[in-house]
Amino acid sequence: MAVLAKGDNEGGKVVDTMPLPTYHSLAAPVRKPVDKFALLPAFLKVRGLVKEHIDSFNYFIDKGIKKIVEANNRIEARNDPSIYLRYLDVRVGMPSIYENCNVESITPHLCRLTDRTYSAPIEVDIQYTVGKQHVVKRRNKFIIGYMPIMLRSSACILNEMDEDELAKYGECPLDPGGYFVVKGTEKVILIQEQLSKNRIIVDTDSKGRVIASVTSSTHAIKSKTVVLMDKGKIYLQLNQFTKPIPIIVVMKAMGMESDQEAVQMVGRDPRYGDLLFPSIQECASERIYTRQQALQYMDEKVMYPGATNNKEGRSNSILHDVFIAHVPVKDGNLRPKCIYTAVMLRRMLDAILNSDTFDDKDYVGNKRFELSGQLISLLFEDLFKTMNSQAVERMNKNSDKTRSSPLDFSQLIMQDTITFGLERAISTGNWDIKRFRMHRKGVSQVLSRLSYMATLGYMTRITPQFEKTRKTSGPRALQPSQWGMLCPCDTPEGEACGLTKNLALLSHITTDQEEGPLIDLCHSLGVEDLLFLSSEEIHAPGSFLVMLNGLILGKHKDPQRLVIHLRNLRRSNVIGEFVSIFINEKQRCVHIASDGGRVCRPLIIADMGISRIDETHMTKLRDGTYDFDDFLSGGLIEYLDVNEENNALIALYEHMDQDDVERSSITHIEIEPLSILGVVSGLIPYPHHNQSPRNTYQCAMGKQAMGNIAYNQLFRADSLLYLLVYAQRPLLTTKTIELVGYDKLGAGQNATVAVMGYSGYDIEDAIVMNKSSLDRGFGRCIALKKYTVLKDNYVDGVSDRIVKPQRDKDGVLMKQNMRALDDDGIVAPGQIIRNHDIYVNKQTPMNTSKGIGRPLTDSCYKDSPAIYKGVDGETTVVDRVMLCSDTNDKLSIKCIIRHTRRPEVGDKFSSRHGQKGVCGTIIQQEDFPFSERGICPDLIMNPHGFPSRMTIGKMIELLGGKAGVSCGRFHYGSAFGEPSGNADNVADISSTLIKHGFSYNGKDFLYSGILGQPLEAYIFMGPIYYQKLKHMVLDKMHARASGPRVLLTRQPTEGRSRDGGLRLGEMERDCLIAYGASMLIFERLMLSSDPYQVQVCRKCGLLGYYNHKLKTSYCSMCKNGENMAKMRLPYACKLLFQELHAMNVVPRLKLTEV
Amino acid sequence: MPKKGTKSKEVDNAPNQQENKLPDYLEVQRTRVVCNADAPIHTQGYQYSGTFAAMGVDNSVSVEKFCKNFKIEINRLTEDDMEFDMIGIDASIANAFRRILIAEVPTMAIEKIFMVDNTSVIADEVLSHRLGLIPLRADPRLFDYISENDVPNERNTVVYKLHVSCPKGSQRITVKSSELEWLPEGSQLSMAAPAQSGDKQKTFTSFSQSQKEILEEPLGVKFKDITIARLGPGQAIELEAHAVKGVGKVHAKWSPVATAWYRMLPEVVILKDIEGDDAEELVKKCPVNVFDIEDLGNGGKRAVVAKPRACTLCRECVMGPNGNQVELRRVRDHFIFTIESTGALPPEVLFTEAVKILEEKCERVISELS
Ligand code: SF4
């Protein structure tokens, strides 16, 4: 409970801090620690890694969409309301497409390969009128559009399939789902972080004023209400008013005419009265005493007075509809809003009196996470309304024009609005919904398939609400409330650092739950409705306010009892498991939350510090007779959200004594400490021994590591895919690795590493690699690139054509670069393809604008072959060729070209501890040191990598790996896992090493491979899991002598892709100036760039021209050629002069002889 | 094999030398590497012939001395690996043998693949790479090196064929190295361009006679159970592999040894008598049972070094409070040499090959000098 301060229980019975041992306590059996680890896989089996995405989408498909359609279920013609259409029901069908007049069901993999959208029809049952007589007709399964379907959601065909079935559909069983396939690309709707809605937040603004703000959000309206204190007086700020309104005026306008009652409502404490006094005085000085006067005063401050009946009554409607809009107004009764305002004031005044009660905007409990279901539901609501209004519009137009028989609505409903609207939003990521004033960019992103970890990382990523450019540190800092909910390690470096977060392994994001039953339940548990209470009674001592999702439900005289009852009801499954009951002693409030978007996590319930889970439960779980839901319904485990965690005292382990905490006050027990980390950081062994930023670096790098991506990786058609040829499972694993399947889709190899200096090519973290290891396949990778060629169709049935390679009469190819082509004019799979080879021999008609009616002859086509641009000297092979027709019925030819690469000098590698390094040199095996057992390292790492990085975890990984290979058991290094046995102790590892004849410290006696003598030190050597990162020299290497130039400035092009020059920039120029190398500057900046000869008139200083016929120069300004001089300028300079001329600025050159 | 400590390694004096002896500590420095708990010391040794001239001890290398002292004792010899002691030789020469064994003794390995069909999930390059690493049972001494412009013939190329398919509807199959079939007559694949009618189909090799006639034994692969690929129903691999002679320096596939290495002979010396419980403790400390207990009668126990050769240098015995009572040493000129052959040649042949190569190299140096 929140009251934990020592010696605080005056009045109550004094509890013995050290209960004397009794007969019972001594006779009680000593409980052995229960191995609770099996709960983790059970949780993930039930909830999955991306369950929050899928849950949220399922909620939308099953409930949300029905609510939206129900709320807008009738449309009627404007001038004849008897012509109507009613939506009776709505469903989302099975994924299919409508093609050539028949419906074909589709699979996600088919959509990926053929650039289609994986979507399902939205079917509605409608009732509508037909004809003049308004005959009512009913139609079922009427399709109003297609909805992109989230993979593995309840509407997806993959739902609840087992591994074999998934394989049949070309899916990887380890793929988590939770994303969409739109136009062939996989798109994730990222989790959006927001400040929680409908909650009072007390804070200070930029000017240091205390403000209490509420962002109200209902289906009808979204508004922000701010109450602020300026110079001792309290005002209300609303966008609808030009000026802040004194709060007492607002209270009066809501019918609270008596100042005394207003003060009573806030609270009887005289300190409140003191703080409120200036505001009351101000109101009085404005001579506002009645409701009428107050409303009048407010009317004058309304921002946009309506055109009709000017300002009269506007403020009243603002008070009804905009001001704290989420508080419902029943029959014009504004009293609930009055009470709410009073509570806001009270919270604000509390904060002024005691700065502890300020709310923290960065506190995770004050955040809500918006998921794909909610975002799509907003989009759908908007599109659905648009579609309906368009239909009405058409109907009106139609009936205005022709007075003939009115059409029926079912013909006017266009599927495209919804289909294309959803598709466009998801594929661009732009959520522009005018109706809800929502303009967000980058909501959906392409799912990265660089590695399995990258994919998982995307699914758990949370994007921030703030723009990333803000330099604030507060939101970036690690929040204590993130514990167990958000991963403390996994955040990007740079501008988004600390803002973009990731979910922890066991966290879950709630979806909305029904409020109705909760309200009834609360009332029957003794919550008194405020409407029946006087203002005085609201804050009666001992009673707490009860808030449900930010709404004041009433008050309760015995809050502790209420809370206990509610929690018991939740544990016995009467109310939903995600309902949070939080008692806030400072605010004297009980907060009940059932809204969506809260993060929560499962915890084991403990009674007086004794876990409810014992060995019998765990045995049942291991036997499979119990699953995670049984633990939930059995009241053994419950979900706590961030707020409710404040009422709990959570112990890490049951069997361990926490120093000064009394055992009996422990209410919950952590399932596994490793679950505070996320999926991506979970693959670091011994992360708790590393310096914290190293873990963060690894989180970023783990996503760039090459490895196996999915079981279906060879059948995918991603535009770029990097695969490791011999990916391995890490020798030193963690429990998270096994939970998420990284052991099946590894991204790295276990390399034997010797930590020593060697050859001088290992400075700055470079690593020295063993050539024989590379020969044997270490670090070998495959890069698969997709090249797409479209066979375009033009008007009149004219289209591109693909012709077979032209040969002369001896059958020899006309052009050498056609050697890779098959007889159909497309490259053959398995063919070696080199730089400049043609991969699709395409021809385009000369005249594409208009067909000529007759069949085109060969001469009407010009060659437009697709030429492969590769690296000279590298052999690449055509892996696959796929033909399909795209959505516009054009033939698209996808050639996947494969390049197998072995590591070379400059390729980037990294261990799992944020220790990246490039390959510095490759050395023959015989030159490498070898141990007494003949072991030769695969790579050598410089020991200078350790002291400043402090990655002790890497050293333990080496020891553990070495012990692992010698005893034949995979060792574990889960985060904080030593006490629970999920990580091996260094001492145990060392004794294993000794048992197998190694030194306890992992250092071996090595002989120099060059001299043959022993090395003068013992060398720390053993296996470490190394990742090959996607940055390879081959993709970056670039040099040029002379080459292409930009058309406009005649300067060399920029960038590797355009074969550009290397820029001698400003700073380099400064160096040359400082050095005085003027000729070099001249050469670099002019001769090697864009020299140009101009004719300058010495008289007027303008540029002239050279007349080639007369062989003279001529100044067109002076109209003669007498004073002309030749000189050289950078072309860009000449261009600048001419551009200035065009802008009426005359630059003149003054020439002098040198 | 020296029995005990320094005694057996007495300096055998050349006849013209006086009976001068180095003091013990210098003798240890000269002939031993001492492995302390923190780091090995005296790893370099004394190369200079006159290092100990002041003491009247000759430190030079002489052929006679070498011939007298040099000894090889074979401890273990199987088809695939051997362990022998090489005594009385400098580390640099022992290392030269090791280096030559790894990098310069030639073998045959698959270098070129002619892929006819590969519908397996393994990419052509990866499959080729795997094939290249398969050890072949083909004596490299019977073949010549092939250079870039050479025509592959029966003297420089061995041709293998791999043709497997997994019929539709059957179970997945594993392609093992045993499926590689030797083609003594050379390539069976005809070149892409159709040959003129009449004469023999032009293939990728031009064998003038069958290899069966020049070789005594049929060629094949050394290990029959190396997995090459797995084939699903309906998949097939058809290819021809051409093996040529090469050395490990170019690519590890030509290395004739899995690895070849040596270690110096361990020598464990108990400096002070360890008796009683300490002795028990010492015996228990060593994971490979180097120490044993000698019964002194009437319950007394003393630790003795029983099997110093087994020491893996875990340094347990030199750690802890009693660590200074034991000293771990390595005999500088006694090498326990291990050769693990990949199978083309038996290990003992490999070693003689290595010696021959070193000899050749020396001869080249000599001929260049003269
Ligand atoms: S170093 Fe280790 S193996 Fe060698 S003798 Fe001492 S304890 Fe035994």
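Scoring rules and cut-offs
- Residues numbered from 1 in each chain as written.
- Chains lettered and ligands numbered in written order.
- Predicted model: local features only at pLDDT ≥ 70, side-chain atom pairs only at ≥ 80, totals over all residues.
- Heavy atoms only, no water.
- Contact = heavy atoms within 4.5 Å.
- Buried area = accessible area lost by both parts, 1.4 Å probe.
- Salt bridge = Lys/Arg side-chain N within 4 Å of Asp/Glu carboxyl O.
- Polar contact = N/O pair within 3.5 Å; in protein donor to acceptor, adjacent residues only side chain to side chain.
- Domains from an automatic or database assignment.
- Nonpolar A, V, L, I, M, F, W, Y, C, P; charged D, E, K, R; others polar.
- Pairing = 2+ DSSP bridges.
- Helix = DSSP H or I, 4+ residues; strand = E, 2+ residues; numbered from the N terminus.
- Axes fitted to C-alpha atoms, helices over the stretch in contact; angles between N-to-C directions.
- Buried < 20%, exposed > 50% of the residue type's maximum accessible area, 1.4 Å probe, protein only.
- pLDDT = per-residue confidence, 0-100.
- Near = heavy atom within 4 Å.
- Core = buried A, V, L, I, M, F, W, Y, C linked by side-chain atoms within 4.5 Å.
- Expected span 1.5 Å × (residues − 1).
- Arc of directions from axis to C-beta.

Undergrad: Outline the interface of chain B and chain A, supporting the account with residue identities and numerical values.
TA: Listed as interface residues are 45 residues of chain B and, on the opposing side, 47 residues of chain A. Here chain B meets chain A over a buried area of about 3,700 Å², counting both sides, of which 51% is carbon and sulfur. Connecting chain B to chain A are 3 salt bridges. Here Asp927(A) makes a salt bridge to Arg99(B), at a shortest N to O gap of 2.5 Å. Taken together, the links from chain B to chain A amount to 24 residue pairs in polar contact (both at pLDDT 80 or more).

Undergrad: Tell me about the domain arrangement of chain A, and please be specific about residues and values.
TA: How big an interface is tends to be stated in terms of accessible area lost as the parts join. All names here are of chain A. Under the domain assignment used here, chain A contains domain 1 (46-187 + 369-439), domain 2 (199-304 + 311-325), domain 3 (508-674), domain 4 (681-716 + 725-780 + 904-1028), domain 5 (782-901) and domain 6 (1056-1143). Taken together, the contact between domain 3 and domain 4 spans 5 residues of the former and 8 residues of the latter. In total, about 500 Å² of surface goes out of reach between domain 3 and domain 4, with carbon and sulfur atoms giving 62% of it. A per-residue breakdown of the area domain 3 buries against domain 4 is headed by Tyr653, Glu672 and Leu674, which together make up 77% of the total. Taken together, the residues that form the side of domain 3 that touches domain 4 break down as 4 nonpolar, no polar and 1 charged.

Undergrad: Could you give an account of the sheet that holds strand E2 (residues 84-92) of chain A, naming the residues involved and the relevant values?
TA: Residues and elements named next belong to chain A. If you walk across this open sheet you meet the 4 strands as E1-E2-E5-E6, and the pairing is antiparallel. In this open sheet, the two strands that pair with only one neighbour each are strand E1 (74-76) and strand E6 (135-148). The sheet shows a mean angle of 25 degrees between the axes of neighbouring strands, taken without regard to direction. Judged from the 11 bridges that link them, strand E5 (residues 119-130) and E6 form a sheet pairing that is antiparallel. Looking across to E6, one finds that Ala120 is bridged to Met147. Sitting on the sheet, helix H3 (residues 51-71) touches E2, E5 and E6, and the angle it makes with E2 is about 170 degrees. Here helix H13 (residues 415-428) sits on the sheet in contact with E5 and E6, set at roughly 15 degrees to E6.

Undergrad: Could you give an account of the sheet that holds strand E15 (residues 367-370) of chain A, with specific residues and numbers?
TA: Backbone hydrogen bonds are what pair the strands of a sheet, in a parallel or an antiparallel way. Strands sit in the order E15-E9-E19-E20 (chain A) across an open sheet of 4 strands; the sheet is mixed. Edge positions in the sheet fall to E15 and strand E20 (501-502) of chain A, since each of these pairs with one other strand and no more.

Undergrad: So, the pattern of salt bridges: which residues are in play, and what are the values?
TA: All names here are of chain A. What the rule picks out here adds up to 78 salt bridges over all chains. The salt bridge involving Arg209 is made with Asp205; its shortest N-O contact spans 3.0 Å. Note on Arg209: relative accessible area 18%, which makes it buried. We note a salt bridge from Asp837 to Arg819, for which the minimum N-O separation is 3.3 Å. In this pair, Asp837 is assigned in the loop between strand E37 (832-833) and strand E38 (838-840) and Arg819 in the loop between strand E36 (801-802) and E37, connecting sequence segments 18 residues apart. Look at Arg819 and you get partly exposed, because its relative accessible area is 35%.

Undergrad: So, the confidence of the model for chain B: which residues are in play, and what are the values?
TA: Residues and elements named next belong to chain B. Considering every residue of chain B, the mean pLDDT works out to 87; 92% of them sit at 70 or more. Within the model, pLDDT remains below 50 along residues 1-18, and this stretch shows 29 contacts once partners closer than five positions in the same chain are excluded. For this predicted complex, the interface confidence reaches an ipTM of 0.91, while the overall pTM sits at 0.88.

Undergrad: Got a sec to walk through the site of the ligand? Specific residues and values, please.
TA: Inspection of the region around the ligand gives Cys286(B), Val288(B), Val290(B), Phe291(B), Cys311(B), Thr312(B), Leu313(B), Cys314(B), Arg315(B), Glu316(B), Cys317(B) and Leu328(B) as its neighbouring residues. The residue inventory of the shell around the ligand, partitioned by class, reads 9 nonpolar, 1 polar and 2 charged.

Undergrad: Describe the nonpolar core, with residues and values.
TA: One recurring pattern in soluble globular proteins is that nonpolar side chains are buried together. All names here are of chain A. Grouped together as the largest cluster of nonpolar side chains are 161 residues, with contacts concentrated most on Met147 and Trp431. The element that contributes the greatest number of residues to this core is helix H12 (residues 372-401), accounting for 11 residues. Not counting chain neighbours up to four residues away, the residues in contact with Trp431 comprise Ile189, Leu375, Ile376, Leu379, Ala425, Ile426, Met438, His439, Arg440 and Val443.

Undergrad: Lay out the pairing of strand E10 (residues 200-204) of chain A with the relevant residues and their values.
TA: Residues and elements named next belong to chain A. Counting buried positions over the 5 residues of E10 gives 4, a clear majority of the element. Inspection of the sheet shows E10 paired to strand E11 (residues 210-217) by 5 bridges, in the antiparallel sense. Note on E11: the bridge partner recorded for Ile200 is Val214. With antiparallel pairing between neighbouring strands as the criterion, E10 and E11 make up a hairpin whose turn holds 5 residues, including Gly208 at a positive phi of roughly 85 degrees.

Undergrad: Explain helix H9 (residues 291-300) of chain A to me, using residue names and the numbers behind them.
TA: Within H9(A) the residues assigned to the buried category are Ala294(A), Leu295(A), Tyr297(A), Met298(A) and Asp299(A). Buried residues belonging to H9(A) abut strand E14 (245-246), helix H6 (247-253) and helix H10 (314-321) of chain A.

Undergrad: So what's going on with helix H17 (residues 559-571) of chain A? Residues and values would help.
TA: All names here are of chain A. With 13 residues, H17 ought to run about 18 Å at 1.5 Å a step, and its terminal C-alpha atoms sit 18 Å apart, in line with that. For H17, the set of buried residues is Pro559, Leu562, Val563, Leu566, Arg567, Arg570 and Arg571. Buried residues of H17 fall within an arc of 165 degrees about the axis and therefore sit on the same side. With its phi angle positive at about 70 degrees, Asn573 sits one or two positions after the end of H17.

Undergrad: Explain the domain arrangement of chain B residue by residue, including any values.
TA: Residue and element names in this part refer to chain B. With domains assigned, chain B is organised as domain 1 (63-103 + 258-274 + 304-369) and domain 2 (107-191 + 204-255). With centres defined by C-alpha atoms, the gap from domain 1 to domain 2 works out at 36 Å. With 11 residues of domain 1 in contact, the opposing surface of domain 2 contributes 13 residues. Between domain 1 and domain 2, the buried area comes to about 940 Å², and carbon and sulfur atoms account for 50% of it. On the domain 1 side of the interface with domain 2, the three residues burying the most area are Ala103, Thr342 and Ala344, jointly 46% of the side's total. There are 3 salt bridges connecting domain 1 and domain 2. In this structure, Asp80 and Lys222 form a salt bridge, with 3.4 Å as the shortest nitrogen-oxygen distance. Linking domain 1 to domain 2 there are 5 residue pairs in polar contact (both at pLDDT 80 or more). Of all the secondary-structure elements, those providing two or more residues to the side of domain 1 that touches domain 2 are helix H3 (91-103) and helix H7 (347-369).

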